[in-house]
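If you want the building blocks of each chain, they are given just below.
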Amino acid sequence: MPERHFSTDLFKFLRELKNNNNREWFAENKQRFEESVRGPFLRFIADVAPMLHGISARIVADPRPSGGSLFRIYRDIRFSKDKSPYKTHVAANFPHLGAGSDVSAAGFYLHLEPRASFAAAGVWHPDPATLARVRRGMVERPKEWQAIRRSKLEVHGDKLTRPPKGFDPNHQFAEDLKLKDFISSVRYIDKEVCDPKFILQFVTACRKMSPLVQFLTASLGLEW
């Protein structure tokens, strides 16, 4: 039986943080954050690393407390009207080694939030050059993209209203060429996240979604 990483305390902390999103409350509850949220997530990242490497040795799962896979709880409020200092979710990014480390990099992602947890795979809000290369990959390797579309893998994201310039508006993948993100995802209820088998569920979901990440990395000229 795998070790349980997350408990109901994680979701309890996040719910209370949502109702007390200020520095004073967070300072008073910093120890709870370390013990119920940050610490368990860092252990999860360390334990899931070899499992993700079973999908691809080039997937990065970095358990360092700073600069690793776990995103900071602090919000960037410089250009936001919402000045709440903290996020009300916790998340980690598991990118391809050659794809960069930010959230837009091709790879896997885990988001934990009360009643809104999910795992995702793909690329979110890529820069124009990356987006163009993915679209060219769909045109140049149609059988591979068709295989993804014929599987039970749902690919979604924001879309253009019409096919992008430079691409045939009557192409067989015209609707997919409109995509600005290429994401697949699996949602979880809180009880599932708190189950000892959750780490296996997450890896199973990543494995199921890996053909999309493999296609994206190939389109970017990266080895899988």
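Refer to the structure above for everything that follows.
Residues numbered from 1 in each chain as written. Predicted model: local features only at pLDDT ≥ 70, side-chain atom pairs only at ≥ 80, totals over all residues. Heavy atoms only, no water.

A. Representation of the overall build of the protein chain. Scanning the protein chain from N- to C-terminus turns up eight helices and four strands. In the protein chain, the order of α-helices and β-strands from amino to carboxyl end is α-α-α-β-β-β-α-α-α-β-α-α. Over its C-alpha trace the protein chain gives a radius of gyration of 19 Å, about what one expects of a compact globule, namely 17 Å for 224 residues. Its C-alpha atoms put the protein chain at 60 × 45 × 30 Å along the principal axes. Looking at the protein chain as a whole, 45% of its 224 residues are labelled buried. (Helix = DSSP H or I, 4+ residues; strand = E, 2+ residues; numbered from the N terminus. Rg over C-alpha atoms; globule rule 2.2 N^0.38 Å. Buried < 20%, exposed > 50% of the residue type's maximum accessible area, 1.4 Å probe, protein only.)

B. Representation of the sheet that holds strand β2 (residues 107–112) within the structure. Reading across the sheet, the four strands line up as β1-β2-β3-β4 and stay open at both edges, with antiparallel pairing between neighbours. Strands at the two margins of the open sheet, each flanked by one partner only, are β1 (90–95) and β4 (182–188). When strand polarity is set aside, the average angle formed by the axes of neighbouring strands in this sheet is 15°. Bridge count for β2 against strand β3 (residues 117–123) is five bridges, and the pairing is antiparallel. For Phe108, the partnering residue across the bridge sits in β3 and is Ala121. (Pairing = 2+ DSSP bridges. Axes fitted to C-alpha atoms, helices over the stretch in contact; angles between N-to-C directions.)

C. Here's a closer look at unusual backbone geometry. In this structure, Arg115 takes a positive phi of about 60° despite not being glycine. Inspection of the secondary structure assignment puts Arg115 in the loop between β2 and β3. The exposed category is assigned to Arg115, whose relative accessible area is 80%.

D. Structural context of helix α4 (residues 128–140). Given a rise of 1.5 Å per residue, 13 residues ought to cover 18 Å, and the 18 Å separating the end C-alpha atoms of α4 matches this to within 8%. Buried residues of α4: Thr130, Leu131, Val134, Arg135, Gly137 and Met138, and no others. End-on, the buried residues of α4 take up no more than an arc of 150°, which puts them together on one face. In α4, the exposed positions that point more than 90 degrees away from the buried face belong to Pro128 and Glu140. Those residues of α4 hidden inside the fold are in contact with α5 (142–150), α6 (174–177), β4 and α8 (198–219). (Expected span 1.5 Å × (residues − 1). Arc of directions from axis to C-beta. Contact = heavy atoms within 4.5 Å.)

E. Main features of the nonpolar core. By size, the foremost hydrophobic cluster in this structure holds 60 residues, and its most contacted members are Phe41, Phe94, Phe182 and Phe202. If one sorts the elements of this core by residue count, α8 sits on top with 11 residues. Counting five residues, the second largest nonpolar core, distinct from the first, contains Tyr109, Phe118, Ala120 and Ile183. (Core = buried A, V, L, I, M, F, W, Y, C linked by side-chain atoms within 4.5 Å.)

F. Representation of the pattern of salt bridges in the model. Applying the stated criterion across every chain, the model contains 10 salt bridges. Here Glu223 ties to Arg58 by a salt bridge, and the two come within 2.8 Å at their closest N and O atoms. Of the two residues, Glu223 sits in the segment after α8 while Arg58 sits in the loop between α3 (30–53) and β1, which places them 165 residues apart along the sequence. Judged by its relative accessible area of 55%, Glu223 falls in the exposed class. Two residues, Arg64 and Asp62, come together in a salt bridge whose shortest N-O distance is 2.8 Å. (Salt bridge = Lys/Arg side-chain N within 4 Å of Asp/Glu carboxyl O.)

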